[in-house]
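Read off the chains here:
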Amino acid sequence: MPRDPISRRSTIKLLGAGFAAASTATHAAAQSVDEPDAPAKKDAVQPSARDRDRARRMQWWHEAQFGMFIHWGLYSVLGRHEWAMENEAIPYPEYERLADRFLPKPGFAREWARLAKRAGQRYMVLTTKHHEGFCLWDTKTTKYCAPRQAAGRDLVREYVEAARAEGLRVGFYYSLMDWHHPDGAAADKDPAARRRFVDYTHAQVRELMTGYGKIDVLWWDVQWPLDRHEWESDRMNEMVFSLQPDIVMNNRNTDRQGGDFATPEQRIEAAEDRAWESCMTLNSSWGYHAADDAWKTPKEILRNLLQCSREGGNYLLNIGPRPDGSVPEESVKILETVGAWLAKNGPAVYGTDLCQPTRSRYSSFTRKGNTLYMNVHFWPGDTAVICGLLTPVKSARLLSTGQKIDFRQDRMRTVFSGLPAQAPDFPATTIAIECDGEPQQDQYVVRTERPRPETA
Ligand code: H79
């Protein structure tokens, strides 16, 4: 796919080599409750060979734009959010018995992968182990894993095979924080406990990186209670790269420094000098939460995706399957709606460039090269207007049908007219606007230069 030479994504790639050193304690200071992590040590991180190799490794990821996050584990049996074990202080023996009822149906992973494909998602990231400590893969390090409990199968293997069968990239989420491991809390103060816990963790990561072929994403989470030095994260990452030379990984095992991409959680916020991916839920829980009915609408989800696309980031959107692996119908419906839209309007999202125009209350803009996509999510009726579009417009059409659209343009207003009274498409109707140069909007020219009345 041809790419604009001055695109944001290209710029990020060029910056790749240097950003690790430039990234400082600012990132640590920006942590919120949503954004787990140990306090950062303020020593600088030296750019490594992996930093210099970043552009190559990240290319597919930038183009992918949209991924599926999957939170699935014993908490899915409870159906009261993935933090239920801590939030309800459930005793260990009681929690462990949930494994008896964690019984995935055959073919669950194929259903996820087909759903991701229909949704227009290009990669998947599964919780191989969440904070609860239960492992979904066949690990030699603990009996607390799906193959050695009632499930009796390596669920990670089924997931990997299903994702590949649909042509999707494969990602592993891995929580460093572990509520089940006997040393998982003591590791902070007790050097012997730390040694055991760090060795356990490195061994698990090695299994994940060796047993399942090529893995595309490693998504670390919550490094409490250790910092990057105590985790021996540099050594761990080198081990990962030596086994998976093409992998990309986030920055949550390195005090939010380094890593290939930043991970704003439950919010969209472009990182200054690095790639980023917003991860978000469809309701307000990551793990299955039967009573959580705070579903976002397909329109909210699409607007979020468009905002990520406009600002140069990826969107990792979560599902929380039930213990049998089935996906809540509300989630399926939202994903299918967004996917049907993407099937017709994909060029407005995939492989797009940073987009300067933003001002509209009924549209989200995206851009590729000299094409401005006006994604109208609140349909205004027979005319739609952009203020202060400085770049001359050459032509306009409905993206999904190719139908030509009439327009007139002056310095203040670009007016698209003769539009249908009702929105032709849902959750947005996209007008593809061919401009004579990279589209630029000046929001202030309207206020300062628009002719004013001669008398007050
Ligand atoms: O997996 C999903 C959430 O369960 C997880 N990240 C997403 C992707 C998440 N884990 N924690 N949080 C969100 C909130 C963060 C809490 C913490 Fe802490 C603050 C972890 C570290 C600092 C409280 C204090 C818990 C441990 C220490």
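Scroll up a little and you will see the structure.
This section reports on the structure supplied with the text. Bear in mind the structure is a predicted one, so any value in this text is a computation, not a measurement.

How each quantity is defined
Residues numbered from 1 in each chain as written. Predicted model: local features only at pLDDT ≥ 70, side-chain atom pairs only at ≥ 80, totals over all residues. Heavy atoms only, no water. Phe/Tyr/Trp six-rings, centres within 6.5 Å; stacked < 30°, edge-to-face > 60°. Helix = DSSP H or I, 4+ residues; strand = E, 2+ residues; numbered from the N terminus. Buried < 20%, exposed > 50% of the residue type's maximum accessible area, 1.4 Å probe, protein only. Pairing = 2+ DSSP bridges. Contact = heavy atoms within 4.5 Å. Axes fitted to C-alpha atoms, helices over the stretch in contact; angles between N-to-C directions. Right-handed = clockwise from strand over helix to strand, strands pointing away. Core = buried A, V, L, I, M, F, W, Y, C linked by side-chain atoms within 4.5 Å. Parallel < 35°, antiparallel > 145°, perpendicular 65-115°, else oblique. Left-handed = near helix turned anticlockwise from the far one by under 90°. Nonpolar A, V, L, I, M, F, W, Y, C, P; charged D, E, K, R; others polar. Disulfide = S-S within 2.5 Å. Patch = residues over 30% accessible without salt bridge, like charges linked within 9 Å, V, L, I, M, F, W, Y side chains within 5 Å. Areas by Shrake-Rupley, 256 points an atom, 1.4 Å probe, with all protein chains shown as cover. Salt bridge = Lys/Arg side-chain N within 4 Å of Asp/Glu carboxyl O. Lys, Arg positive; Asp, Glu negative; His and termini not counted. Charge placed at Lys NZ, Arg CZ, Asp CG, Glu CD. Polar contact = N/O pair within 3.5 Å; in protein donor to acceptor, adjacent residues only side chain to side chain.

**A few points about the packing of aromatic side chains**
For step 1, the next point in the chain: Using the criterion set out here, one finds 20 aromatic pairs in the structure.
For step 2, the next point in the chain: Ring centres of Phe 102 and Phe 134 lie 6.0 Å apart, and the angle between their planes is 90°; on these two criteria the pair is classed as edge-to-face. Of this pair, Phe 102 sits in the loop between α8 (92–96) and α9 (108–119) while Phe 134 sits in the loop between β2 (123–129) and α10 (155–165), and the two are 32 residues apart along the sequence. Here Phe 102 and Phe 134 have matching classes, each one buried.
For step 3, the next point in the chain: Judged by centre distance (6.5 Å) and plane angle (40°), the ring pair of Tyr 159 and Phe 172 falls under tilted. One end of the pair, Tyr 159, is in helix α10; the other, Phe 172, is in strand β3 (residues 169–175), and 13 residues separate them in sequence.

**Considerations on the sheet that holds strand β8 (residues 314–319)**
To summarise the sheet geometry, strands pair through backbone hydrogen bonds and adopt either a parallel or an antiparallel arrangement.
For step 1, the next point in the chain: On the basis of which strands lie adjacent, the open sheet formed by eight strands has the order β5-β4-β3-β2-β1-β8-β7-β6 and parallel pairing. Each having just a single partner strand, β5 (248–249) and β6 (261–262) make up the two edges of the open sheet.
For step 2, the next point in the chain: The sheet contacts of helix α11 (residues 191–210) involve β2, β3 and β4 (217–221), and relative to β3 the element is tilted by about 170°.
For step 3, the next point in the chain: Set on the sheet, helix α14 (residues 298–311) makes contact with β1 (66–70), β7 (275–280) and β8; between it and β8 the angle comes to about 150°.

**What about the pairing of β4?**
Two faces make up the sheet, and in a regular strand the side chains alternate between them.
For step 1, the next point in the chain: Summarising burial for β4: five of the five residues are buried, a large majority.
For step 2, the next point in the chain: By the alternation rule, side chains of β4 split into Val 217, Trp 219 and Asp 221 and Leu 218 and Trp 220, which are all buried.
For step 3, the next point in the chain: Taken together, the five bridges between β3 and β4 define a ladder with parallel strand orientation. Opposite Tyr 174, over in β4, you have Trp 220 as the bridge partner.
For step 4, the next point in the chain: Taking the sense of rotation as the criterion, the β-α-β connection linking β3, α11 and β4 turns out right-handed.

**Focus on the nonpolar core**
Side chains of nonpolar character tend, in soluble globular proteins, to be buried together.
For step 1, the next point in the chain: Within the largest apolar cluster, 92 residues are counted, with the highest numbers of intra-cluster contacts made by Trp 112, Met 124, Tyr 159, Phe 172 and Leu 218.
For step 2, the next point in the chain: In terms of residues, this core owes the most to one element, α9, which gives seven residues.
For step 3, the next point in the chain: With residues up to four places along the chain from it excluded, the contact list for Met 124 reads Met 68, Ile 70, Trp 112, Ala 113, Ala 116, Tyr 159, Ala 163, Leu 168, Arg 169, Val 170 and Gly 171.
For step 4, the next point in the chain: If you look at the next biggest cluster of nonpolar residues, it comprises 18 residues, including Leu 372, Trp 379, Ala 396 and Leu 398.

**Considerations on the sheet that holds strand β11 (residues 384–387)**
For step 1, the next point in the chain: One open sheet holds the three strands; their spatial order is β11-β14-β13, and the pairing between them is antiparallel. Looking at which strands have only one partner, the edges of the open sheet turn out to be β11 and β13 (406–409). On average, adjacent strands in this sheet sit at an angle of 15° to one another, irrespective of strand direction.
For step 2, the next point in the chain: Pairing between β11 and strand β14 (residues 413–417): four bridges, direction antiparallel. Counterpart to Val 385 in the pairing with β14 is Val 415.

**Looking at the packing of α11 against helix α13 (residues 233–243)**
For step 1, the next point in the chain: Between α11 and α13, the shortest axis-to-axis distance is 10 Å and the interhelical angle comes to 15°. Between α11 and α13, the interaxial angle falls into the category roughly parallel. Of the two possible hands of crossing, α11 and α13 adopt the one that is right-handed. Residues Arg 195, Thr 201, His 202, Val 205, Arg 206, Met 209 and Thr 210 of α11 form the contact with α13, whose participating residues are Arg 235, Met 236, Met 239, Val 240 and Leu 243.
For step 2, the next point in the chain: Of the residues contributing to the contact of α11 with α13, the split by class is six nonpolar, three polar and three charged.

**Regarding the state of the cysteines**
For step 1, the next point in the chain: This model, assessed by the stated rule, comprises zero disulfides.
For step 2, the next point in the chain: Looking at the unpaired Cys 435, the closest cysteine sulfur is the one in Cys 355, lying at 9.6 Å.

**Here's the deal with unusual backbone geometry**
For step 1, the next point in the chain: The residue after Trp 224, namely Pro 225, is reached through a cis peptide bond having omega 5°.
For step 2, the next point in the chain: With respect to the helices, strands and loops of the structure, Pro 225 is situated in the loop between β4 and α12 (228–231).
For step 3, the next point in the chain: Cis rather than trans, the peptide bond between Phe 426 and Pro 427 has omega equal to 0°.
For step 4, the next point in the chain: Looking at where Pro 427 falls in the secondary structure, it is placed in the loop between β14 and β15 (429–435).
For step 5, the next point in the chain: The backbone of His 81 sits at a positive phi, close to 85°, despite the residue not being glycine.
For step 6, the next point in the chain: The residue His 81 is located in the loop between α6 (75–78) and α7 (84–87) in this model.
For step 7, the next point in the chain: Here the phi dihedral of Glu 232 falls at roughly 60°; this positive angle occurs in a residue that is not glycine.
For step 8, the next point in the chain: By secondary structure assignment, the location of Glu 232 is in the loop between α12 and α13.

**Side note on a positive patch on the surface**
For step 1, the next point in the chain: A contiguous patch of positive charge, built from Arg 359, Arg 361, Arg 408, Arg 413, Arg 447, Arg 450 and Arg 452, is present on the exposed surface.
For step 2, the next point in the chain: You can see Arg 408 is positioned in strand β13.

**Description of the packing of α9 against α10**
For step 1, the next point in the chain: The geometry of α9 relative to α10 is characterised by a closest axis approach of 8 Å and an angle of 35° between their N-to-C directions. The interaxial crossing formed by α9 with α10 has right-handed handedness. Residue-level inspection shows Phe 108, Ala 109, Arg 110, Trp 112 and Ala 113 of α9 in contact with α10, the latter providing Leu 155, Glu 158, Tyr 159, Ala 162, Ala 163 and Ala 165.
For step 2, the next point in the chain: By residue class, the composition of the contact of α9 with α10 is nine nonpolar, no polar and two charged.

**Points about the side chain of Arg 310**
For step 1, the next point in the chain: Turning to its location among the elements, Arg 310 is positioned in helix α14.
For step 2, the next point in the chain: Polar side-chain contacts of Arg 310 include one of 3.0 Å to the side chain of Glu 311.
For step 3, the next point in the chain: Sequence-distant contacts of Arg 310, defined by excluding residues within four places in its chain, comprise Asp 353, Leu 354, Cys 355, Pro 357, Thr 358, Phe 365 and Thr 366.

**Overview of helix α5 (residues 54–64)**
For step 1, the next point in the chain: Those residues of α5 that fall on the buried side of the exposure criterion are Arg 54, Arg 57, Met 58, Trp 60, Trp 61, His 62 and Ala 64.
For step 2, the next point in the chain: Downstream of α5 by one or two residues, Gln 65 has phi in the positive range, about 70°.

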